[in-house]
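Now for the letters of each chain:
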Protein chains: 2
Amino acid sequence: MKRIMLTVAYDGTNYCGWQIQPTGLTVEEVLNRELSRLLGEDIRVLGVSRTDSGVHALGNLCVFDTETSIPAEKICYAINQSLPPDIVVQSSCEVPSDFHPRKHDSIKTYEYVIYAARIPSPIRDRYCLFFYQPLDVEKMRRAAACLIGEHDFKSFCSSHSDKEYTVRTLTDITIETRRVSDGNALDGEAPAIPGSAGLAPAEEIRIRVSGTGFLYNMVRIIVGTLLRVGTGFWPPEYVSEILESKDRGKAGPCAPARGLTLLEIKLL
Amino acid sequence: MKRIMLTVAYDGTNYCGWQIQPTGLTVEEVLNRELSRLLGEDIRVLGVSRTDSGVHALGNLCVFDTETSIPAEKICYAINQSLPPDIVVQSSCEVPSDFHPRKHDSIKTYEYVIYAARIPSPIRDRYCLFFYQPLDVEKMRRAAACLIGEHDFKSFCSSHSDKEYTVRTLTDITIETRRVSDGNALDGEAPAIPGSAGLAPAEEIRIRVSGTGFLYNMVRIIVGTLLRVGTGFWPPEYVSEILESKDRGKAGPCAPARGLTLLEIKLL
């Protein structure tokens, strides 16, 4: 028996999140089914991060035990042959048999992408929140800075959560912008094809949030709050008040799942 | 009666191309249906470029005639309310009533995107060709240079085409590469999150082809041919031989539709 760890990437659009649900297909269910078929054993993966319905991932992690003789590093290539194109195992490796990734300290990094433009883009629709109101990114950065460090994030936790302990540590929040001429990222330059109505310059705003742990919907509520600051609805300093209030009703709305990607889980 | 021109963007994944077909849903059909419903008239759009099944567009153009009192510039906002998210009208404007975009001289620009990596990416799957063999981009550029200018492109035209006259002019072909750490374009820098197995650095190769006219499947056969050069299967100079042969059988395969986007039609 050996324990294998997989790095799993997926487009979450067509899944009810990671964790097995009675209500619809999940990433965990597809992995269990296809790994069991490939290895001829009853495989149950144990995931590190239970991403929500519609949320994407590039670097989620899971482990499972197997008797297979397939070399650990080759399992990713073998399993990708039978997975649907919206789930791809990026790598596979053997880990010690007592290794339990959920009990391991880690830093998770999420990215939320906003497509700030006059008109939405059909080829960005799956992975971005389209937002047409002008955003003051400097104000959003100032607001985000209030959230870095150890805080009680009760105001930024879904009211559907039953978590009692709501203190978490965010190690970093960065907000990067870059001009794009739709579908064609040009890295801050002017659009390549001037005068084209179809390629109006727009901005991609990437909010990256890293921390040692996250509450239910926490990143999406942070983004919903930063958007209210960006539009000028709230001043940046108001975010500290929201934190102190420990009242979910004070924070902004939960931003849609489509813009959120779990980029990485770094095991410490 | 006035004539309106639309700039139309779409994710072609779920459509049998632009032009109305008995075999499946097309972009033209959806536009006709939704414009007719919005304007209360029987609207028939006339498209400039009949993109193939699965091909995307950011700047296709079409015109139609209408009696509507909605200001021309507002039509795009109105129609986007009822279009599915994978078709978006980027702009609308009035043009002279005798304006016929297909009879107008134009330069069309297509882009073909290759995701060159060890393992495919679930979030790039819809818009890229995944290619795991190493590619020599310098050789591809030398091969592409042979194609610029006025040539008989018979070798690069689908054998299913009935076009007699196969001389066309390519005004430019450029091939740009950029390192990406999956989903997170970093513009040639090292990956932001080093040591992450899920974010292995990879390359995005963008082949842009501009010309005054294109034959059926021409860009995709050019790409299929350049890939054969990039892998070292053919030397760059062989592309001139392919041109001279006027034999479709000599050129490379037709690259998959998913990687191709009609970026722009510039009316001259």
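Coordinates for the structure precede this section.
So, a few notes on the structure that sits alongside this text. (Residues numbered from 1 in each chain as written. Chains lettered and ligands numbered in written order. Predicted model: local features only at pLDDT ≥ 70, side-chain atom pairs only at ≥ 80, totals over all residues. Heavy atoms only, no water.)

### Re the overall build of chain A
Inclusion rule: Helix and strand assignments come from DSSP, with helices taken as H or I runs of at least 4 residues and strands as E runs of at least 2, each series counted from the N terminus. Radius of gyration means the value over C-alpha atoms here, while the globule rule gives 2.2 Å times the residue count to the 0.38 power. Between buried and exposed lies partly exposed: a residue is buried under 20% and exposed over 50% of the maximum accessible area for its type, with that area taken using a 1.4 Å probe on protein chains only. Note on contacts: a residue pair is in contact if any heavy atoms of the two residues lie within 4.5 Å. Surface accessibility in these figures is a Shrake-Rupley result with a 1.4 Å probe; residues are shielded only by whichever protein chains are displayed. In summary, the charge assignment counts Lys and Arg as positive and Asp and Glu as negative, without counting His or the chain termini. Just so you know, the charge point we use is NZ for Lys, CZ for Arg, CG for Asp and CD for Glu.
Per the secondary structure count, chain A includes five helices and eleven strands. Taking 18 Å as the expected radius of gyration for a compact globule of 268 residues, we find that chain A reaches 20 Å, a close match to that expectation. Referenced to the eigenvectors of the C-alpha coordinate spread, the extents of chain A come out at roughly 60 × 50 × 35 Å. Classification of the 268 residues of chain A by burial places 56% in the buried group. Within chain A, residue pairs in contact and separated by at least 24 positions form 73% of the contacts whose partners lie at least 6 positions apart. When the accessible surface of chain A is split by element, carbon and sulfur atoms take 49% of a total near 11,400 Å². Side chains of chain A carry 30 positive and 34 negative charges; the gap between the two charge centres is 3 Å.

### Let's talk about the pattern of salt bridges
Basically, it comes down to this: Whenever Lys or Arg places a side-chain nitrogen within 4 Å of a carboxyl oxygen from Asp or Glu, that contact is recorded as a salt bridge.
This structure, assessed with the given rule, holds 30 salt bridges over all chains. Of the charged contacts, one joins Asp65(A) and Arg3(A) as a salt bridge, the two residues approaching to 2.9 Å between their closest N and O atoms. With Asp65(A) in strand β3 (residues 56–66) and Arg3(A) in strand β1 (residues 2–10), this residue pair connects regions lying 62 residues apart in the sequence. Asp65(A) sits in the partly exposed class, given a relative accessible area of 31%. Two residues, Arg37(B) and Glu34(B), come together in a salt bridge whose shortest N-O distance is 3.6 Å. In this pair, Arg37(B) and Glu34(B) both sit in helix α1 (residues 27–39), three residues apart, roughly one turn of the helix. One connected set of salt bridges, linked through shared partners, spans Glu111(A), Arg124(A), Arg178(A), Glu204(A), Arg206(A) and Arg208(A).

### Description of unusual backbone geometry
Even without glycine at this site, Lys246(A) takes up a positive phi of about 50°. Within the secondary structure layout, Lys246(A) lies in the loop between α5 (238–245) and β11 (260–267).

### Topic: the environment of Thr109(B)
Residues and elements named next belong to chain B. Tracing the sequence through the fold places threonine 109 in strand β5 (residues 106–116). According to the relative accessible area criterion, threonine 109 is buried, its value standing at 7%. It is 6.7 Å that separates the C-alpha atoms of threonine 109 and glycine 211, two residues lying 102 residues apart in sequence.

### Some remarks on the packing of helix α3 (residues 137–145) of chain B against helix α4 (residues 218–230) of chain B
Residues and elements named next belong to chain B. This is how it is decided: Whenever a helix is involved, its axis is fitted only over the stretch in contact; in every case the axis is a line through C-alpha atoms, and angles between N-to-C directions fall within 0 to 180 degrees. Relative orientations are named as follows: roughly parallel for angles under 35 degrees, roughly antiparallel for angles over 145 degrees, roughly perpendicular for angles from 65 to 115 degrees, and oblique for any other angle. If you view the pair so one helix is near and one far, a crossing is left-handed when the near helix is turned anticlockwise from the far one by less than a right angle, and right-handed when it is turned clockwise. Each residue is assigned to one of three groups, with Ala, Val, Leu, Ile, Met, Phe, Trp, Tyr, Cys and Pro labelled nonpolar, Asp, Glu, Lys and Arg labelled charged, and all others, Gly among them, labelled polar.
Packing of α3 against α4 brings their axes to within 8 Å, and their N-to-C directions diverge by 135°. Looking at the two axes, α3 sits oblique to α4. In terms of crossing hand, the pair formed by α3 and α4 is right-handed. In this structure, α3 uses Lys139, Met140, Ala143 and Ala144 to contact α4, whose residues at the interface are Leu226, Leu227, Val229 and Gly230. When grouped by side-chain class, the residues that make up the contact of α3 with α4 number six nonpolar, one polar and one charged.

### With respect to α5(A)
Residue and element names in this part refer to chain A. Note the following rule: Here the arc refers to the set of directions running from the helix axis out to each C-beta atom.
Along α5, the residues classified as buried are Tyr238, Val239, Ile242 and Leu243. Down the axis of α5, the buried set is contained in an arc of 150°. They therefore lie on one face. Exposed and facing more than 90 degrees away from the buried side of α5 are Glu241 and Glu244. Close packing links the buried residues of α5 with α3 (137–145), β7 (149–152) and α4 (218–230). Looking one or two residues past α5, lysine 246 carries a phi angle of roughly 50°, positive in sign.

### Side note on the environment of Asp136(A)
Residues and elements named next belong to chain A. Which entries qualify depends on this criterion: As used in this structure description, the phrase polar contact means that two N or O atoms lie within 3.5 Å; if the pair is within protein, one of them must be able to donate a hydrogen and the other to accept it, and residues adjacent in sequence are counted only when both atoms belong to side chains.
In this fold, aspartate 136 is placed in the loop between β6 (129–131) and α3. The exposure class assigned to aspartate 136 is partly exposed, which follows from its relative accessible area of 32%. As a C-alpha pair, aspartate 136 and phenylalanine 233 span 97 residues in sequence and 11 Å in three-dimensional space. In this structure the side chain of aspartate 136 is engaged in a polar contact, spanning 3.1 Å, whose partner is the backbone nitrogen of lysine 139.

### Let's talk about empty space enclosed by the protein
All names here are of chain B. Convention followed: Both site types are read off a 1 Å grid over the protein atoms alone. A 1.4 Å probe that fits but cannot get out defines a cavity, while an open set with protein on both sides within 12 Å along at least five of seven lines defines a pocket; lining residues have an atom within 4 Å of a point. Grid points are joined across faces, edges and corners, and a volume is the space filled by probe spheres set on the points.
Using the criterion set out here, one finds two cavities of 30 Å³ or more in the structure. Roughly 40 Å³ of volume is contained in the second largest cavity. For the second largest cavity, the full set of lining residues is Tyr115, Pro120, Ser121, Arg124, Asp125, Cys128, Leu129 and Phe130. A per-class count over the lining of the second largest cavity returns five nonpolar, one polar and two charged.

### Focus: the state of the cysteines
As a reminder, the rule being used: Disulfides are defined in this document as cysteine sulfur pairs within 2.5 Å.
Using the criterion set out here, one finds zero disulfides over all chains in the structure. Note on Cys128(A): no disulfide assigned, nearest cysteine sulfur contributed by Cys128(B) at a separation of 14 Å. Cysteine Cys146(A) shares no disulfide, and the gap to the nearest cysteine sulfur, in Cys157(A), comes to 20 Å.

### Concerning the side chain of Asp52(B)
All names here are of chain B. By the element assignment, aspartate 52 lies in the loop between β2 (46–47) and β3 (56–66). Given the relative accessible area of 18%, aspartate 52 is considered buried. There is a polar contact of 3.4 Å between the side chain of aspartate 52 and the side chain of arginine 220. Ignoring anything within four residues of it in the chain, the contact list for aspartate 52 reads Gly17, Tyr216, Asn217 and Arg220.

From the geometry alone we can't say anything about function, so treat these as descriptive.
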